[in-house]
Amino acid sequence: MIVRQIWTANSYRNFNYLIACPETGEAIAVDPLDHEKCARAAADEGWSITQIVNTHEHRDHTGGNEALVQKTGASILAHRNAGDKIPGMARGLGAGDVIKVGRTVELEALDTPGHTMSHVCLLSHTDQPALFCGDTLFNAGAGNCHNGGHPAELYDTFANQLSRLPEHTQIYPGHDYIENNLRFTLDREPDNEQARAMLGKVGGQDPSHAFVTTLAVESRINTFFRLRSPSVIARLREAFPELPDDPDPRTVFLKLRELRNKW
Ligand SMILES: [Zn+2]
């Protein structure tokens, strides 16, 4: 499996992806908003794009579909409940469905509600798994819930799915938000030395050569995975004095999500 992360350089800071089978040159495009960059990158590699996956229905993820289908004839795949929001969908995905690309690549769909209620992440079946997580999980952050999502569902997705993946899973999010997110982590947890070191490393990075984290790294720098951290809880209590001494992780997650909206 070969992964190309494509930096769109737009104001939404989208990342698009090509995932290719090295044997056949078949490729899948994930959220190819910048269809021109995606098509050019595929041509440079000698790949043919046969499928498009939209992680969810938002326009900054689906806006390139039409042009790329016209150019390549690729079929469009997305969450099975997104059919009324994504024109031309050929295949609806549910939890556990497998997408094959060429001879060697298998991507498993995870049903990951929260950012929207029809959001999929893709997990590769490779020795080192890769997770294409759209707007569910960002480097050092979590998706917002104000365009068709629900924070409680997002918590369930984090707690019951993402945090149970192998810790060496590579994280490929839908946007480059790492710098801003690390500043939020440090605002919540000023003594998080690893987040501080990461900010020093990726602050001002060129997103066309972005640092790729793993779930193990996220568990140290992403507030939304640090729900039992005494510093996170102590700092949260400054904003929510009614917070109990030993709050349940779900409460902590929801309060953090609430604060992040205003931050
Ligand atoms: Zn979105």
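Anyway, here's the lowdown on the structure attached to this text. (Residues numbered from 1 in each chain as written. Predicted model: local features only at pLDDT ≥ 70, side-chain atom pairs only at ≥ 80, totals over all residues. Heavy atoms only, no water.)

Remarks on unusual backbone geometry
Although it is not a glycine, Arg13 sits at a positive phi angle of roughly 60 degrees. Tracing the backbone shows Arg13 in the loop between β1 (2-7) and β2 (15-20). Given a relative accessible area of 33%, Arg13 falls into the partly exposed group. Even without being a glycine, Asp31 presents a positive backbone phi close to 50 degrees. Mapped onto the elements of the fold, Asp31 is located in the loop between β3 (26-30) and α1 (35-45). (Helix = DSSP H or I, 4+ residues; strand = E, 2+ residues; numbered from the N terminus. Buried < 20%, exposed > 50% of the residue type's maximum accessible area, 1.4 Å probe, protein only.)

A few points about the sheet that holds β2
Across the sheet, 6 strands lie side by side as β1-β2-β3-β4-β5-β6; this open sheet has mixed pairing. The open sheet has two edge strands, β1 and β6 (89-93), and neither has a second partner. Ignoring strand direction, the axes of neighbouring strands in this sheet form an average angle of 25 degrees. For β2 and β3, the ladder comprises 4 bridges, and the chain directions are antiparallel. Across the sheet, the residue bridging to Ile19 is Ile28, located in β3. The strands that α1 touches are β1, β2 and β4 (48-53); relative to β1, the one it contacts most, it runs at about 145 degrees. Helix α3 (residues 65-72) contacts β3, β4 and β5 (75-79) of the sheet and is inclined by roughly 150 degrees relative to β4. (Pairing = 2+ DSSP bridges. Axes fitted to C-alpha atoms, helices over the stretch in contact; angles between N-to-C directions. Contact = heavy atoms within 4.5 Å.)

So, the pattern of salt bridges
Enumeration according to the criterion identifies 12 salt bridges in this entry. A salt bridge links Asp176 to Arg13; its shortest N-O distance comes to 2.7 Å. With a gap of 163 residues between them, Asp176 in the loop between β13 (170-173) and α5 (178-188) and Arg13 in the loop between β1 and β2 connect regions that are remote in the sequence. Judged by relative accessible area, which is 8%, Asp176 ranks as buried. For Glu238, the salt bridge is made with Arg235, and the minimal N-O distance between the two is 2.7 Å. With Glu238 and Arg235 both in helix α8 (residues 230-239), this residue pair falls 3 residues apart, about one helical turn. (Salt bridge = Lys/Arg side-chain N within 4 Å of Asp/Glu carboxyl O.)

A few points about the packing of helix α4 (residues 151-160) against helix α9 (residues 249-262)
Between α4 and α9, the least distance of the axes is 10 Å, while the angle of their chain directions is 125 degrees. Between α4 and α9, the interaxial angle falls into the category oblique. Like other packed secondary-structure pairs, α4 and α9 cross with a definite hand, here right-handed. Residues Pro151, Ala152, Leu154, Tyr155 and Phe158 of α4 form the contact with α9, whose participating residues are Pro249, Arg250, Phe253, Leu254 and Arg257. Here the residues of the contact of α4 with α9 sort into 8 nonpolar, no polar and 2 charged. (Parallel < 35°, antiparallel > 145°, perpendicular 65-115°, else oblique. Left-handed = near helix turned anticlockwise from the far one by under 90°. Nonpolar A, V, L, I, M, F, W, Y, C, P; charged D, E, K, R; others polar.)

Regarding the side chain of His79
Among the secondary structure elements, His79 is positioned in strand β5. Among the polar contacts listed, one links the side chain of His79 to the backbone nitrogen of Asn81, at a separation of 2.9 Å. Apart from the residues within four sequence positions on either side, His79 is in contact with Met89, Gly92, Leu93, Asp111, Met117, Ser118, His119 and Val120. (Polar contact = N/O pair within 3.5 Å; in protein donor to acceptor, adjacent residues only side chain to side chain.)

Some remarks on α1
Considered for burial, the residues of α1 that qualify are His35, Cys38, Ala39, Ala41 and Ala42. Summarising the axial view, the buried residues of α1 lie within an arc of 160 degrees, below the 170-degree limit, and thus occupy one face. Away from its buried face, by an angle of more than 90 degrees, α1 presents the exposed residues Ala43 and Asp44. One or two steps after α1, the chain reaches Gly46, where phi turns positive at roughly 75 degrees. (Arc of directions from axis to C-beta.)

A short note on the sheet that holds strand β8 (residues 105-111)
The pairing of strands in a sheet happens through backbone hydrogen bonds and is either parallel or antiparallel. Ordered by their spatial adjacency, 5 strands build an open sheet running β7-β8-β9-β10-β13, and the pairing between neighbours is mixed. Two strands close off the open sheet at either side, each with one partner strand: β7 (98-101) and β13. Strand-to-strand twist of the sheet, defined as the mean angle between neighbouring strand axes without regard to direction, takes the value 25 degrees. Here β8 runs beside strand β9 (residues 120-124); their pairing, made up of 5 bridges, is antiparallel. For Asp111, the partnering residue across the bridge sits in β9 and is Val120.

Regarding the coordination of the zinc ion
Those donors, His56 (NE2), His58 (ND1), His115 (NE2) and Asp135 (OD), are the protein atoms that reach the zinc ion, and they lie 2.2 to 2.4 Å from it. The site at the zinc ion holds 4 donor atoms, and with the angles between them running 87 to 173 degrees, its shape is irregular. In the primary sequence, the donor residues of the zinc ion line up as H-x1-H-x56-H-x19-D. In this pair, His56 sits in the loop between β4 and α2 (59-62) while His115 sits in the loop between β8 and β9, placing the two residues 59 residues apart along the sequence. Like His56, the residue His115 is buried in the burial classification. (Donors = N, O, S within 2.8 Å, 3.2 Å for Na, K, Ca; no water. Tetrahedral: all angles 85-135°; square planar, octahedral: opposite > 155°, others 65-115°.)

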